[in-house]
Amino acid sequence: MELIELAKQAMKQAYAPYSHFKVGAALITDTGHIYTGCNIENASYGATNCAERTAIFKAISEGERHIKKIAIVSDAGKPAAPCGICRQVLSEFMDSDGIVILEIENKPKEFYLKDLLPYCFCSDSM
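Here we summarise the structure given alongside this text. What you see is a predicted model, and the numbers here were worked out from it, not measured in a lab.

1. Details of the overall build of the protein chain
Right, so step 1: Scanning the protein chain from N- to C-terminus turns up 4 helices and 5 strands.
Right, so step 2: For 126 residues, the compact-globule formula gives about 14 Å, and the C-alpha radius of gyration of the protein chain, at 14 Å, lands near that figure.
Right, so step 3: Based on the C-alpha atoms only, the size of the protein chain along its principal axes is roughly 40 × 35 × 30 Å.
Right, so step 4: Within the protein chain, the fraction of its 126 residues that count as buried is 44%.
Right, so step 5: For the protein chain, the share of sequence-separated contacts (at least 6 apart) that also reach a separation of at least 24 residues comes to 57%.
Right, so step 6: A total accessible area of about 7200 Å² is found for the protein chain, and carbon and sulfur atoms account for 53% of it.

Given below as structure tokens:
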């Protein structure tokens, strides 16, 4: 898949001197634009940014408001499921039936966001 390959390219730019865990993400919006991101670590771990959020924030800062799909890869040889914060951020800009693609055993596997984040706290919760 194109998104997986773009995520792998983005992963090469990861800044991970502490964990040595490189992650890349690529997403496509409703307008058909693609944005990529990598994880960017900081000595103060709370200031670290995940690859998914890097890609999402790039898209939103360019005026996008809705994500259709996102692919996430890592160099660990294991699926790089989004962390809880990234799942919450995804729920702000992706429908519950939006697609999250993870690479499992070198094959893309698709998940619905609602399966990765059931009972999300979103605009409907307020």
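2. Concerning the environment of Gly98
Right, so step 1: The residue Gly98 is located in strand E4 (residues 94–104) in this model.
Right, so step 2: Separated by 12 residues in the primary sequence, Gly98 and Glu110 place their C-alpha atoms 9.7 Å from one another.
Right, so step 3: Among all residues touching Gly98, those that are not within four sequence positions of it are Lys68, Phe111, Tyr112 and Leu113.

3. So, the sheet that holds strand E1 (residues 23–29)
Right, so step 1: The strand order across the open sheet built from 5 strands is E2-E1-E3-E4-E5, with neighbouring strands paired in mixed fashion. In this open sheet, the two edge strands, each paired with only one partner strand, are strand E2 (34–38) and strand E5 (107–112). Shown here is a sheet whose adjacent strand axes are inclined to one another by a mean of 20°, direction ignored.
Right, so step 2: As paired strands, E1 and E2 are joined by 5 bridges and run antiparallel to one another.

4. Some points on the pattern of salt bridges
Right, so step 1: Tallying each qualifying case throughout the model produces 3 salt bridges.
Right, so step 2: Where salt bridges share partners, they join Glu5, Lys8 and Glu103 into one cluster.

5. Focus on the side chain of Ser74
Right, so step 1: If you trace the backbone, Ser74 turns up in strand E3 (residues 67–74).
Right, so step 2: Reaching out from Ser74, the side chain makes a polar contact with the backbone nitrogen of Ala76 at a distance of 3.2 Å.

6. A word on the nonpolar core
Right, so step 1: Among the nonpolar cores identified, the biggest contains 22 residues, and Leu27, Ile56, Ile70, Ile72, Leu90 and Val100 are the most heavily contacted of them.
Right, so step 2: At the level of elements, E1, helix H2 (51–61), E3, helix H3 (84–93), E4 and helix H4 (113–116) are the ones that each hand at least two residues to this core.
Right, so step 3: Broken down by element, the residue count for this core peaks at 5 residues, all from H2.
Right, so step 4: Setting aside chain neighbours within four positions, we find Ile72 in contact with Val23, Gly24, Ala25, Glu52, Ala80, Pro82, Val100, Ile101, Leu102 and Glu103.

7. A closer look at the packing of aromatic side chains
Right, so step 1: Scanning the model with the defined rule gives 1 aromatic pair in all.
Right, so step 2: For Lys114, the ring lying beneath its charged end belongs to Tyr112, and the centroid distance is 5.3 Å.

8. Focus on the pairing of E5
Right, so step 1: Across 6 bridges, the pairing between E4 and E5 is antiparallel. Bridging across to E5, Ile104 finds its partner in Lys107.
Right, so step 2: Connecting E4 to the antiparallel partner E5 that follows it, the hairpin turn spans 2 residues, and Glu105 within it adopts a positive phi of roughly 55°.

9. A look at H2
Right, so step 1: Among the 11 residues in H2, 8 count as buried, and that is most of the element.
Right, so step 2: Within the sequence span of H2, burial applies to Ala51, Glu52, Arg53, Thr54, Ala55, Ile56, Ala59 and Ile60.
Right, so step 3: On its buried face, H2 sits against E1, E2, E3 and H3.
Right, so step 4: In the segment just after H2, Gly63 is the residue with positive phi, at about 100°.

The rules we used
Residues numbered from 1 in each chain as written. Predicted model: local features only at pLDDT ≥ 70, side-chain atom pairs only at ≥ 80, totals over all residues. Heavy atoms only, no water. Helix = DSSP H or I, 4+ residues; strand = E, 2+ residues; numbered from the N terminus. Rg over C-alpha atoms; globule rule 2.2 N^0.38 Å. Buried < 20%, exposed > 50% of the residue type's maximum accessible area, 1.4 Å probe, protein only. Contact = heavy atoms within 4.5 Å. Areas by Shrake-Rupley, 256 points an atom, 1.4 Å probe, with all protein chains shown as cover. Pairing = 2+ DSSP bridges. Axes fitted to C-alpha atoms, helices over the stretch in contact; angles between N-to-C directions. Salt bridge = Lys/Arg side-chain N within 4 Å of Asp/Glu carboxyl O. Polar contact = N/O pair within 3.5 Å; in protein donor to acceptor, adjacent residues only side chain to side chain. Core = buried A, V, L, I, M, F, W, Y, C linked by side-chain atoms within 4.5 Å. Phe/Tyr/Trp six-rings, centres within 6.5 Å; stacked < 30°, edge-to-face > 60°. Lys NZ or Arg CZ within 6 Å of the ring centre and 35° of its normal.

Geometric values such as these leave the question of function open.
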